[in-house]
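Structure at a glance
Now for the letters of each chain:
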Amino acid sequence: MRKHHFIGNAWCEASSGETLPIIDPSNGAEVGQIARGTAQDVDAAVAAARRAVGETFDGPWGVLSASERGRLLYRLAAAVQDRIEEFALLEAQDTGKSIKTARTDAIFLARYLEFYAGACDKLHGDTIPFQTGFTVMTIREPHGVTGHIIPWNYPIQIFGRTVGAALATGNACVVKPAEDASQSVLRLAELAAEVGFPAGVINVVTGYGHEAGACLTAHQGIDHISFTGSTATGRLIAQAAAERHCPVTLELGGKSPQIVFEDANLDEALPVIVTAIVQNAGQTCSAGSRLLVQRSIYEPVLQALAERFRALKAGPPHLGLDMGPLVNRKQYEQVKRILAKAEADGLQVMARGALHPEAASAGYYQEALLYRDVPHDNSLAQQEVFGPVLAAMPFESEEEAIALANGTDYGLVAGIWTQDGGRQMRVARKVRSGQVFINNYGAGGGVELPFGGMKSSGYGREKGFEGMLGFTVLKTIAIRHG
Ligand code: ADP
């Protein structure tokens, strides 16, 4: 267990000397401690990052060329690739996710780092036709020091796609992982130092969101904040950042629809629909948590899905089942509250998965649930549950499907299942979401595919080449040479 901050390539005790407990979500037991970061620790991390970049990009990190940064990122990607099992275990232990999911996360982490390693020296500006006698160019510069507030659901993937992109563009980073899942991020920072990243390029301060996280957000030495997490916390972060005009990227929640038309290939659609909601026990911002099915095939689709839901199992991470426990007691109680309200509203559970006999009663386990005929205005169809709960409802026409799909505060991802090419594009163009998948559903997206929200799902884009742009500022240089 790593129980200190990682600042300037060294382990540092919390300046307050205080720690937080690490709880194993599969049995509720305390298994270790992490440092409880405060303003002083954040100060030290920001100072280390600023030294690495240098006042005028003249620090040991700031002077590196794009290809030199790329080479270091490749080394880190390769080091992760050699340690997939180590990262998978750390992630599974901390978050409770099935080791199967954790392995995929570790593979994605390596791929993000590899992608951004390769992209480092491919990012360039433009020259702009202007008045005679001028040459005008744009160059993309790093912000300087970027702050990364990472949630507990996919720590290493989110590290890969935000810290990877920030490093690729020449920023130094201060990372605040979630209080429930800091181990894998600490290990990554340590590994980066081992493969040769200069001191201060990646700093990790652990602790509570309202303490270490809030200090980071408010810190004058942070030039950009990337936040992934809940909509409510995203609002707080954007407000704090607005106080000092700090740019922010927010990747927040979702209530993403899967829209199944009567001509869909159900053999392909159904397994994907199930995975898109139960993956990571439903604790995925892009989970496909609403199922809209055309009325003519509603009953057979629900019957077939019910069978699949009954076969789903939740259990301890090491068993590699469909799901592990939820991440913590708070999340578990929140899901239970939402389910109690659904019951009070008279909603009907059509099918439920099972808990494995080894699932300890003190663990935060929630079996998968399929609800049918959920009214569109019910909170189960409107609110993000962040649990393995699918809310199904019928629709009659394409117009109604679009209206239902767009009828929540969110706009992160949509899945469209139909063989009709015209309908695929009509619906894809009218759905208000940052990603649309046709006859597939990339819960979590792909490394190369720009990802982010509309409406309350946030703003700014992560992943892919586009994901690098937010970590740069564009400078225009106009030269009058006559
Ligand atoms: P949850 O409520 O499930 O913990 P959050 O969105 O609050 O989800 O947490 C995501 C990340 O944001 C975590 O790293 C958490 O510590 C951090 N965080 C929470 N509150 C704040 C805050 N006020 N300022 C900065 N970071 C915060």
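Residues numbered from 1 in each chain as written. Predicted model: local features only at pLDDT ≥ 70, side-chain atom pairs only at ≥ 80, totals over all residues. Heavy atoms only, no water.

Examining the site of the ligand
- Near the ligand, the surroundings consist of 18 residues, among which Ile 150, Lys 176, Glu 179, Ser 230 and Thr 233 are the closest.
- At 3.2 Å from an oxygen atom of the ligand is found a main-chain nitrogen or oxygen belonging to Gly 209.
- When isolated, the ligand has an accessible area of 550 Å², and the protein chains bury 84% of it.
- Among the detected pockets, the ligand sits in the largest pocket.
- A per-element tally of the shell around the ligand places helix α7 (residues 209-218) first, with four residues. (Near = heavy atom within 4 Å. Polar contact = N/O pair within 3.5 Å; in protein donor to acceptor, adjacent residues only side chain to side chain. Areas by Shrake-Rupley, 256 points an atom, 1.4 Å probe, with all protein chains shown as cover. 1 Å grid on protein atoms, 1.4 Å probe; cavity = no way out; pocket = protein on both sides within 12 Å on 5 of 7 lines; lining within 4 Å. Sits in = over half its atoms within 2 Å of the grid points. Helix = DSSP H or I, 4+ residues; strand = E, 2+ residues; numbered from the N terminus.)

Focus on the environment of Arg 423
- Its location among the elements puts Arg 423 in helix α14 (residues 421-430).
- The spacing of Arg 423 and Arg 308 is 115 residues in sequence and 28 Å in space, taken between C-alpha atoms.

Quick look at the state of the cysteines
- Per the counting criterion, the structure on display carries zero disulfides.
- Not engaged in a disulfide, the cysteine Cys 173 finds its nearest cysteine sulfur in Cys 120; these two sulfurs lie 12 Å apart. (Disulfide = S-S within 2.5 Å.)

Quick word on the nonpolar core
- Formed by 72 residues in total, the largest nonpolar core has its most connected members in Trp 61, Phe 159, Leu 167, Val 174 and Phe 197.
- Broken down by element, the residue count for this core peaks at nine residues, all from helix α4 (residues 99-119).
- Ignoring anything within four residues of it in the chain, the contact list for Val 174 reads Ala 45, Val 46, Ala 49, Val 145, Thr 146, Gly 147, His 148, Asn 203, Val 205, Leu 216 and Ile 222.
- Judged by nonpolar contacts, the second largest core, of 67 residues, contains Ile 259, Leu 302, Tyr 364 and Met 393. (Core = buried A, V, L, I, M, F, W, Y, C linked by side-chain atoms within 4.5 Å. Buried < 20%, exposed > 50% of the residue type's maximum accessible area, 1.4 Å probe, protein only. Contact = heavy atoms within 4.5 Å.)

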